[in-house]
Amino acid sequence: MTIGERIKLLRTKNQMTQQALADRVHISRQSISKWEQDLAWPSFANIVIISDTFDVSLDELIRGDAEFMENLERKPHIKILEVIGIGSLIAILSLTTLLLLGIRETRITGWISLLQLLSFIFLAVNINWRKINDSLTQWGLFWGIICFATLAIPAIIDFFNGIIYGLSH
């Protein structure tokens, strides 16, 4: 029996709707539906909540789903390393190309400031903030604020310098 089938069995046995379980786990009803149809797997943190909700052991909940067990054993895919690696490569190639084309550094930094602002806005809109808020420690929050401030200050200065320059010329 798959973990999705077990979740559905436990949920119906306890006369709980998908929405009620979703509210308990703090996720959408659609996520519960995907789990029960074996279209997606719950995170380990959600498995623990489900285990506590239905008063069953973790072993009882996940044993028998070989594919899920194999997925738990795999090393997690670290997306931040992709962001840093691919982002660094794009930065180096873009900067090299622009300089070879004879575009001045001052012109490049102006466009970069605009791109930073736009990419930050799009990133902020697309982040799962609930997961980040749940995982942030006090020190993580502190360093996140410092990082944001140090990235924002040059962008803000460049933005206002561009406005002042544009108004004066």
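Look above for the structure.
Computed from a prediction, not measured in an experiment: that's the story for all the values here.

Here's the deal with the overall build of the protein chain
Logical step 1: In terms of helices and strands, the protein chain carries 10 helices and 0 strands.
Logical step 2: In the protein chain, the succession of α and β elements from N to C terminus is α-α-α-α-α-α-α-α-α-α.
Logical step 3: Taken over the C-alpha atoms alone, the protein chain extends approximately 75 × 30 × 30 Å along its principal axes.
Logical step 4: Within the protein chain, buried positions represent 17% of all 169 residues.
Logical step 5: Contacts in the protein chain between residues at least 24 apart in sequence constitute 58% of all its contacts with a sequence separation of at least 6.
Logical step 6: If you sum the accessible surface of the protein chain, you get close to 13200 Å²; carbon and sulfur atoms cover 66% of it.
Logical step 7: Where the 15 positive side-chain charges of the protein chain centre and where its 16 negative ones centre are 5 Å apart.

A word on helix α7 (residues 79-100)
Logical step 1: With 22 residues, α7 extends 31 Å from end C-alpha to end C-alpha; this agrees with the ideal 32 Å at 1.5 Å per step.
Logical step 2: Backbone geometry just after α7 places Gly102 at a positive phi near 85°.

Let's talk about a nonpolar patch on the surface
Logical step 1: Taken together, the side chains of Trp111, Leu114, Leu117, Leu118, Phe120, Ile121, Phe122, Val125 and Phe148 make up a nonpolar region of the molecular surface, amounting to roughly 940 Å² of accessible area.
Logical step 2: For the nonpolar patch, the leading source of residues is helix α8 (residues 105-126), giving 8 residues.

Focus on the packing of aromatic side chains
Logical step 1: In the structure shown here, the tally under the stated rule is 4 aromatic pairs.
Logical step 2: Ring centres 5.1 Å apart and planes at 40° place the aromatic pair Phe120 and Phe148 in the tilted group. On the criterion of sequence distance, the pair formed by Phe120 in helix α8 and Phe148 in helix α10 (residues 138-168) is long-range, its members being 28 residues apart.
Logical step 3: Note on Trp139 and Phe142: the rings are 5.6 Å apart at their centroids and 85° apart in plane angle, and the pair reads as edge-to-face. With Trp139 and Phe142 both in helix α10 and 3 residues apart, this pair spans about one turn of that helix.
Logical step 4: Taking relative accessible area as the criterion, Trp139 reaches 60% and is therefore assigned exposed.
Logical step 5: Three or more aromatic residues joined by ring pairs form one cluster here, namely Trp139, Phe142 and Trp143.

Comments concerning the packing of helix α2 (residues 18-25) against helix α4 (residues 44-54)
Logical step 1: Look at α2 against α4: their axes get within 10 Å of each other, and the N-to-C directions meet at 120°. Between α2 and α4 lies a crossing whose hand is right-handed. Contacts between α2 and α4 involve Leu21, Arg24 and Val25 from the first element and Asn46, Ile49, Ile50, Thr53 and Phe54 from the second.
Logical step 2: Its residues assigned to classes, the contact of α2 with α4 shows 5 nonpolar, 2 polar and 1 charged.

With respect to the environment of Phe54
Logical step 1: Structurally, the position occupied by Phe54 is in helix α4.
Logical step 2: Separated by 47 residues in sequence, Phe54 and Ile7 place their C-alpha atoms 9.3 Å apart.

Rules used in this analysis
- Residues numbered from 1 in each chain as written.
- Predicted model: local features only at pLDDT ≥ 70, side-chain atom pairs only at ≥ 80, totals over all residues.
- Heavy atoms only, no water.
- Helix = DSSP H or I, 4+ residues; strand = E, 2+ residues; numbered from the N terminus.
- Buried < 20%, exposed > 50% of the residue type's maximum accessible area, 1.4 Å probe, protein only.
- Contact = heavy atoms within 4.5 Å.
- Areas by Shrake-Rupley, 256 points an atom, 1.4 Å probe, with all protein chains shown as cover.
- Lys, Arg positive; Asp, Glu negative; His and termini not counted.
- Charge placed at Lys NZ, Arg CZ, Asp CG, Glu CD.
- Expected span 1.5 Å × (residues − 1).
- Patch = residues over 30% accessible without salt bridge, like charges linked within 9 Å, V, L, I, M, F, W, Y side chains within 5 Å.
- Salt bridge = Lys/Arg side-chain N within 4 Å of Asp/Glu carboxyl O.
- Phe/Tyr/Trp six-rings, centres within 6.5 Å; stacked < 30°, edge-to-face > 60°.
- Axes fitted to C-alpha atoms, helices over the stretch in contact; angles between N-to-C directions.
- Left-handed = near helix turned anticlockwise from the far one by under 90°.
- Nonpolar A, V, L, I, M, F, W, Y, C, P; charged D, E, K, R; others polar.

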